[in-house]
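In case you want the letters, here they are:
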Amino acid sequence: MESPRLLDALRGAGVGPGDLVGLALEAGVGVGAATAGGSWALAGAEPWAQVAAVEEELQPRWVMWSAETALVLVRAGVRVARSWDLVAVHRLLAGGWRAEPARMWAAGHGLDPDSIPSTKPADLWSSFEDEGADAEDPVRPDGHLRAEWAAGGWRETPQRLRRWAALAFDLAGIQAAGVDAIPERPMAPATARSESAAELLCAELTAEGLPVDRAVAEGIIAGFVGARPRDDAEAAARRAERDAEVLRHVAPGIEVDLRSNGQVKVLLGRLGIEVADTRAWRLREVQDRHPVVGALLAWRKAERIATTYGYGWLDEHLGDDGRLRGAWSGADGAAGRMTATAGLHSMPADLRPAVAAEAGHVFVRADLGQIEPRVLAVVSGDAALADAARQDDLYAPVAAQLGVDRATAKVAVLGAMYGQTTGRGAQALRRLDVAYPVAMGYLTAAARSAEAGHDLRTYGGRLVRMGPDAPVPAAAPEAPGAVAARGRYGRNAVIQGAAAELFKMWAVTVRARSVGLGARIVLCLHDELLVHTPEAHGEATADLVARSLDEAVHRWAAGTPVRFLADIAVIRRWSDAKGTE
DNA sequence: TGCGGCTATTG
DNA sequence: CACAATAGCCGCAG
């Protein structure tokens, strides 16, 4: 048991709730901490105990270089309420995805990222630069972080942890000034705090996982691909059986690799069925022409389970404790939605019955209705659309305004946000321009700016990079359609990105308010939350989720007439929830 | 072996 | 089949 010496130091320095405290820690080495009043180094094998003591007494805002620090804490059983995540805020300020310490440091100090020193020994220039310098100083004479420190050298000694924590504290101050200095985006400081908390949530999601009932999952998988094969030979036999079920519909002796779309297309051609490609919706159109088509569609579904969501998937990602784990990221490289590996965001609906609350627990499932058009109403400031967004069903008043049916109105609104220019919604789109000129103008301005290669900022202040190294056109920039593709990307990014910001604000509010109930968010799905909570607290958690939405909306868009509605249910299995709209 | 294309799933 | 994501397999270039 270590004595709470860090607590004494920070208390002595006058640290109180919400004050920034730089933090760096390494198992087996110790912990470093820093504030404006000084910095401290403490050796110790389990440095998180020091952090836990400070958290309990002082509730500071911990400055972390990345969510890796949060993951170390969570895995040691330590949860902190507040953080300033340098990676999250860097991505907000600078856009893109790359956020190594040296890059963030360079951005904060106005240094050219191309001049960041590398660790390569052949880098003579950086060796020259280092001559005569103190290797214990993490900052080089030219202002860059020393490569050896950034590559992990900061972990080596308590003294280095102290310096690393001090640098984090300094960089947080620079970033905070940066988010305060975006006059046209007053929400940016709030977004920075919310995105930081989202990184804490991601660390918890990564460490704790999603409750999955293994027996139920195996039963569902067996229904598609049969019982678990005992060895490779049996697996190959099962695979051959599935293929044979399709091939029995064609002449014997025909060799077709069903996994090769080219060969499938040739096969269909020989049967007199010409298709442009072999996508499922196209195959469905010609399903009545030959029985092999239906068999092929069923085969595709089973094949997907076999290859992606089968026994191998369970073995790789489902722990003995019944938790399915993937790596969570707080913001993708584009507009800032949360992402997760292990297929957590694209698990087939067929598998949802396997996502089951543990004994003595229930799920609270909540999903936002029509979040994107409601977000459009807020961020564009369109009074007419905001008026429509007062209703439970936004599309009903829009349809009445346009003089079209609801389905057409919905397609048109979604088309406007995605950049669709053809099809059923095209005519209604022109009516949208007349009825909601402010909202449509907002989207058009984003599209034009993106087409010209100008960066965008979301409502919450996230930079969406549209320059030469933007994530979007991977193909030649002047290829036909590339300009239009940039426009669609930018048009959508300001909506999807703002929706992601609101969603995360909701999620971290639920996280903050649910501590006393023992409720835990176990899945975030862009507009949907799944919360695992003790059975006795199901209704209380549902109320909390609803109140948290009101609180988040109030903070995100104070005074807006736009309503954000959540469908909330207390359930035992994810599949118990009614289907989405 | 790496990468673009195709396909499927989710929001 | 518009916007975003992860993931797997095929076919081809190096």
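Sequence order as written defines residue numbering, which begins from 1 separately in each chain. Note on labels: chains are lettered from A, ligands numbered from 1, in written order. Two thresholds apply to this predicted model, a pLDDT of at least 70 for residue-level local features and 80 or more for giving and counting side-chain atom pairs, whereas whole-chain, interface and lining totals are computed over all residues. With hydrogens and water excluded, all non-hydrogen atoms of the structure serve as input to the side-chain values.

1. Focus on the protein's contact with DNA strand B
Turning to step 1, where the next piece is worked out: In these notes, residues near a molecule or strand are those with any non-hydrogen atom within 4 Å of it. The full set close to DNA strand B counts 19 residues, and Thr278, Ala280, Arg300, Arg352 and Asp527 are the nearest of them.
Turning to step 2, where the next piece is worked out: Each atom of DNA strand B within 4 Å of the protein belongs either to a base or to sugar and phosphate, the latter forming 82%.
Turning to step 3, where the next piece is worked out: In this structure, Arg300 approaches DNA strand B through a side-chain N or O atom, which is 2.6 Å from a phosphate oxygen.
Turning to step 4, where the next piece is worked out: Arg304 is positioned such that a nitrogen or oxygen atom in its side chain is 3.1 Å from a sugar or linking oxygen of DNA strand B.
Turning to step 5, where the next piece is worked out: Runs of H or I in DSSP of at least four residues are treated as helices and runs of E of at least two as strands, each being numbered from the N terminus. Counting residues per element, the surface near DNA strand B draws most heavily on helix H14 (residues 291-307), at three residues.
Turning to step 6, where the next piece is worked out: Residues were grouped as follows: Ala, Val, Leu, Ile, Met, Phe, Trp, Tyr, Cys and Pro as nonpolar; Asp, Glu, Lys and Arg as charged; and all remaining residues, including Gly, as polar. Each residue belonging to the surface near DNA strand B can be placed in one class, and the counts come to five nonpolar, six polar and eight charged. Between N or O atoms, a polar contact is any pair within 3.5 Å; within protein, one atom must be a potential hydrogen donor and the other a potential acceptor, and residues adjacent in sequence are included only when both atoms are from side chains.

2. What about the sheet that holds strand E14 (residues 528-534)?
Turning to step 1, where the next piece is worked out: Two strands are said to pair when DSSP picks up at least two bridges between them. Sheet architecture is open: four strands sit in the order E13-E14-E10-E15, paired in antiparallel fashion. The open sheet terminates on both sides in strands that have one partner only, identified here as strand E13 (520-524) and strand E15 (566-571). Strand after strand, the sheet turns through a mean of 20° between neighbouring axes, direction not considered.
Turning to step 2, where the next piece is worked out: Pairing of strand E10 (residues 361-368) with E15 involves six bridges; the strand directions are antiparallel. Counted as the bridge partner of Ala366 is Ile568 from E15. Note on definitions: angles span 0 to 180 degrees between N-to-C directions of axes, and those axes are lines fitted to C-alpha atoms, for helices only across the stretch in contact.

3. A short note on helix H5 (residues 101-108)
Turning to step 1, where the next piece is worked out: Burial classes: relative accessible area under 20% of the type maximum marks a residue as buried, over 50% as exposed, and values in between as partly exposed (1.4 Å probe, protein chains only). Within H5, the full set of buried residues consists of Ala102, Met104, Trp105 and Ala106.
Turning to step 2, where the next piece is worked out: Working rule for contacts: check all heavy atoms of both residues, and any pair within 4.5 Å makes them a contact. Next to the buried residues of H5 lie helix H4 (86-94), helix H7 (147-150) and helix H8 (158-180).

4. Focus: the sheet that holds strand E1 (residues 20-26)
Turning to step 1, where the next piece is worked out: In space, the five strands of this open sheet follow the order E3-E2-E1-E4-E5, with mixed pairing throughout. Of all strands in the sheet, those with a lone pairing partner are strand E3 (38-43) and strand E5 (83-85), marking the two edges. The average angle at which neighbouring strand axes cross in this sheet is 25°, direction not considered.
Turning to step 2, where the next piece is worked out: Bridge count for E1 against strand E2 (residues 30-35) is five bridges, and the pairing is antiparallel. In the sheet register, Gly22 faces E2, and the bridge partner there is Ala34.
Turning to step 3, where the next piece is worked out: Strand contacts of helix H3 (residues 67-75): E1, strand E4 (61-64) and E5, with the helix running at about 70° to E1, the strand carrying the most contacts.

5. Section: the protein's contact with DNA strand C
Turning to step 1, where the next piece is worked out: Around DNA strand C there are 23 residues in total, and Ser260, Ala342, Gln420, Arg488 and Tyr489 lie nearest to it.
Turning to step 2, where the next piece is worked out: For DNA strand C, the fraction of protein-proximal atoms (within 4 Å) that sit in sugar or phosphate groups is 73%.
Turning to step 3, where the next piece is worked out: One of the side-chain nitrogen or oxygen atoms of Ser260 is found 2.6 Å away from a phosphate oxygen of DNA strand C.
Turning to step 4, where the next piece is worked out: At the level of secondary structure, the elements contributing two or more residues to the surface near DNA strand C comprise strand E9 (339-340), helix H19 (406-418) and helix H22 (482-513).
Turning to step 5, where the next piece is worked out: No other element matches H22, which puts four residues into the surface near DNA strand C.

6. Focus on the side chain of Gln370
Turning to step 1, where the next piece is worked out: Relative to the elements of secondary structure, Gln370 occurs in the loop between E10 and helix H16 (371-380).
Turning to step 2, where the next piece is worked out: Within the structure, the side chain of Gln370 is placed 2.8 Å from the side chain of Arg374, a separation counted as a polar contact.

7. Concerning the confidence of the model for chain A
The predicted coordinates should not be examined in detail at positions where pLDDT is low.
Turning to step 1, where the next piece is worked out: A residue's pLDDT is the confidence the predictor assigns to it, expressed on a 0 to 100 scale. Across chain A, the average pLDDT comes to 93, with 94% of residues at or above 70.
Turning to step 2, where the next piece is worked out: Within the model, the stretch residues 122-126 combines pLDDT values under 50 with four contacts to residues more than four positions away or in other chains.

8. A closer look at the packing of aromatic side chains
In this description, an aromatic ring pair is defined by two values, namely the gap between the centres and the angle between the planes.
Turning to step 1, where the next piece is worked out: Note on aromatic contacts: the rings of Phe and Tyr and the six-membered ring of Trp form a pair at centre separations within 6.5 Å, being stacked when their planes are under 30 degrees apart, edge-to-face when over 60 apart, and tilted otherwise. A complete count under the given rule lists seven aromatic pairs for this structure.
Turning to step 2, where the next piece is worked out: Ring geometry for Tyr309 and Trp313: centres 5.0 Å apart, planes at 75°, overall edge-to-face. Both residues of the pair, Tyr309 and Trp313, count as buried.
Turning to step 3, where the next piece is worked out: Ring geometry for Phe503 against Trp506: centres 5.9 Å apart, planes inclined by 80°, an arrangement best described as edge-to-face.

9. Notes on the domain arrangement of chain A
Turning to step 1, where the next piece is worked out: Boundary definitions for the domains trace back to an automatic or database domain assignment. What the domain assignment lists for chain A is domain 1 (5-181), domain 2 (214-315), domain 3 (326-370 + 501-576) and domain 4 (373-499).
Turning to step 2, where the next piece is worked out: Summarising the inter-unit geometry, the C-alpha centres of domain 2 and domain 3 are found 35 Å apart.
Turning to step 3, where the next piece is worked out: Contacts between the two partners involve 10 residues from domain 2 and, on the opposite side, 10 residues from domain 3.
Turning to step 4, where the next piece is worked out: Contact between domain 2 and domain 3 buries roughly 780 Å² in total, counting both sides, with carbon and sulfur atoms accounting for 71%.
Turning to step 5, where the next piece is worked out: Each of two parts loses accessible area, computed with a 1.4 Å probe, when they are put together; buried area is these two losses added. Taken as a group, Ile220, Tyr309 and Trp313 account for 57% of the area that domain 2 buries against domain 3, more than any other trio of residues on that side.
Turning to step 6, where the next piece is worked out: Each salt bridge in this description consists of a side-chain nitrogen of Lys or Arg and a carboxyl oxygen of Asp or Glu lying within 4 Å of one another. Applying the counting criterion to the domain 2 and domain 3 interface returns one salt bridge.
Turning to step 7, where the next piece is worked out: At the junction of domain 2 and domain 3, the tally comes to three residue pairs in polar contact (both at pLDDT 80 or more).
Turning to step 8, where the next piece is worked out: Taken together, the elements giving at least two residues each to the side of domain 2 that touches domain 3 come down to helix H10 (214-225) and H14.
Turning to step 9, where the next piece is worked out: The element best represented in the side of domain 2 that touches domain 3 is H10, accounting for five residues.
Turning to step 10, where the next piece is worked out: Per-class residue counts for the side of domain 2 that touches domain 3 are eight nonpolar, no polar and two charged.

10. Observations regarding the pattern of salt bridges
Turning to step 1, where the next piece is worked out: Enumeration according to the criterion identifies 37 salt bridges in this entry.
Turning to step 2, where the next piece is worked out: Between Glu26 and Arg155 there is a salt bridge, and its shortest N-O distance comes to 2.8 Å. You can see Glu26 sitting in strand E1 and its partner Arg155 sitting in the loop between H7 and H8, a full 129 residues away along the chain.
Turning to step 3, where the next piece is worked out: Judged by its relative accessible area of 25%, Arg155 is partly exposed.
Turning to step 4, where the next piece is worked out: A salt bridge links Arg230 to Glu234, with the nearest nitrogen and oxygen atoms 3.0 Å apart.
Turning to step 5, where the next piece is worked out: Among the residues examined, Arg230 registers a relative accessible area of 74% and is labelled exposed.
Turning to step 6, where the next piece is worked out: What emerges from the salt-bridge pattern is a single network uniting Arg79, Glu204, Glu208 and Arg511.

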